[in-house]
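Notes for the structure review
Residues per chain, in single letters:
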Amino acid sequence: MYMEYHRLEIAKWQEEQWKNEKIQEMYGELIQSGKVETFLELYEIAAEFHNTEKLSVLYRSLKQIAVPQKPQKKVDLAETILGKRNRRVRSGMIYWAYDLHCRKLTGALFLYVQNCLGEIRTWDVYIARRIQRAKHLYITMKQELGY
């Protein structure tokens, strides 16, 4: 699939334009639906840019999400904000905000994660382990970043 795409020799500016259009489209869809899944997809596209503008779009998007009832969705949100990859990679919205010197936004994202993780109740062992890992990561990151 990648090789076929690579052979098309699409210009980088065109690719970025398409991604920007997709971000706007998904943001509009998120406003309408409030679905966590839409936010997670939006994050995957916007994270490639790693700039203040896209981070701001994602933060505004968080405010549009209907409070998820399923524990898995809450953990998915928390993990996306904290970062799903190894901490050394500095993935996730919190590191992104911190690296761009958006101190207030970093604090707001920590608060959002705290609220997500504090409300989850489940009997599912797999989800409970994910919650524990996310809580541990949350505490570690707060100490590391000085919050």
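As the structure is a prediction and not an experimental result, all values here were calculated from the model.

This part takes up the overall build of the protein. A tally of regular secondary structure across the protein gives eight helices and zero strands. Starting at the N terminus, the α and β elements of the protein follow one another as α-α-α-α-α-α-α-α. On the principal axes, the C-alpha backbone points of the protein span a range of 50 × 30 × 30 Å. Expressed as a percentage of its 147 residues, the buried residues of the protein come to 39%. Sequence separation of 24 or more characterises 66% of the internal contacts of the protein that already satisfy a separation of 6 or more. For the protein, the computed accessible surface area is about 9,300 Å², with 53% contributed by carbon and sulfur atoms. Here the protein contributes 24 positive and 18 negative side-chain charges, whose respective centroids are spaced 9 Å apart.

Take the pattern of salt bridges next. Counting across every chain of the model gives nine salt bridges. For the salt bridge of Glu53 with Lys54, the shortest nitrogen-to-oxygen distance reads 3.4 Å. Here Arg130 ties to Glu79 by a salt bridge, and the two come within 2.7 Å at their closest N and O atoms. Residue Arg130 is found in helix 8 (residues 125–145), and its partner Glu79 is found in helix 5 (residues 71–82); the two are separated by 51 residues along the sequence. A single burial state applies to Arg130 and to Glu79, both of which are buried. Where salt bridges share partners, they join Arg87, Arg90, Asp99 and Glu144 into one cluster.

This part is about the packing of aromatic side chains. In the structure shown here, the tally under the stated rule is three aromatic pairs. With a centroid separation of 5.7 Å and an interplanar angle of 75°, the aromatic rings of Phe110 and Tyr138 are classed as edge-to-face. Of this pair, Phe110 sits in helix 7 (residues 103–118) while Tyr138 is found in helix 8, placing the two residues 28 residues apart along the sequence. Note on accessibility: Phe110 and Tyr138 belong to one class, buried. Since its relative accessible area comes to 2%, Phe110 is described here as buried. Each residue in the set Phe110, Tyr138 and Tyr147 is aromatic and connected to the rest through ring pairs, giving one cluster. In this arrangement the basic side chain of Lys54 is found over the ring face of Phe49, its NZ or CZ atom lying 4.7 Å from the centre. Lys142 extends its terminal NZ or CZ atom over the ring of Phe110, reaching a point 6.0 Å from the ring centre.

Turning next to the environment of Gln32. Within the element layout of this structure, Gln32 appears in helix 2 (residues 12–33). As for Gln32 and Gly92, which are separated by 60 residues in sequence, their C-alpha atoms are 25 Å apart.

Here the focus is helix 3 (residues 36–46). Along helix 3, eight of the eleven residues are buried, which leaves the element largely enclosed by surrounding structure. All buried positions along helix 3 are accounted for by Val36, Thr38, Phe39, Leu40, Leu42, Tyr43, Ile45 and Ala46.

Let us now look at the nonpolar core. Phe39, Met93 and Ile94 are the most contacted members of the largest nonpolar core, which totals 42 residues. Ile94 has contacts with Ile81, Leu82, Thr106, Leu109, Phe110, Val113, Met141 and Leu145, leaving out every residue within four places of it along the chain.

Criteria and thresholds
- Residues numbered from 1 in each chain as written.
- Predicted model: local features only at pLDDT ≥ 70, side-chain atom pairs only at ≥ 80, totals over all residues.
- Heavy atoms only, no water.
- Helix = DSSP H or I, 4+ residues; strand = E, 2+ residues; numbered from the N terminus.
- Buried < 20%, exposed > 50% of the residue type's maximum accessible area, 1.4 Å probe, protein only.
- Contact = heavy atoms within 4.5 Å.
- Areas by Shrake-Rupley, 256 points an atom, 1.4 Å probe, with all protein chains shown as cover.
- Lys, Arg positive; Asp, Glu negative; His and termini not counted.
- Charge placed at Lys NZ, Arg CZ, Asp CG, Glu CD.
- Salt bridge = Lys/Arg side-chain N within 4 Å of Asp/Glu carboxyl O.
- Phe/Tyr/Trp six-rings, centres within 6.5 Å; stacked < 30°, edge-to-face > 60°.
- Lys NZ or Arg CZ within 6 Å of the ring centre and 35° of its normal.
- Core = buried A, V, L, I, M, F, W, Y, C linked by side-chain atoms within 4.5 Å.

Limitation: the analysis is restricted to geometry and does not speak to function.
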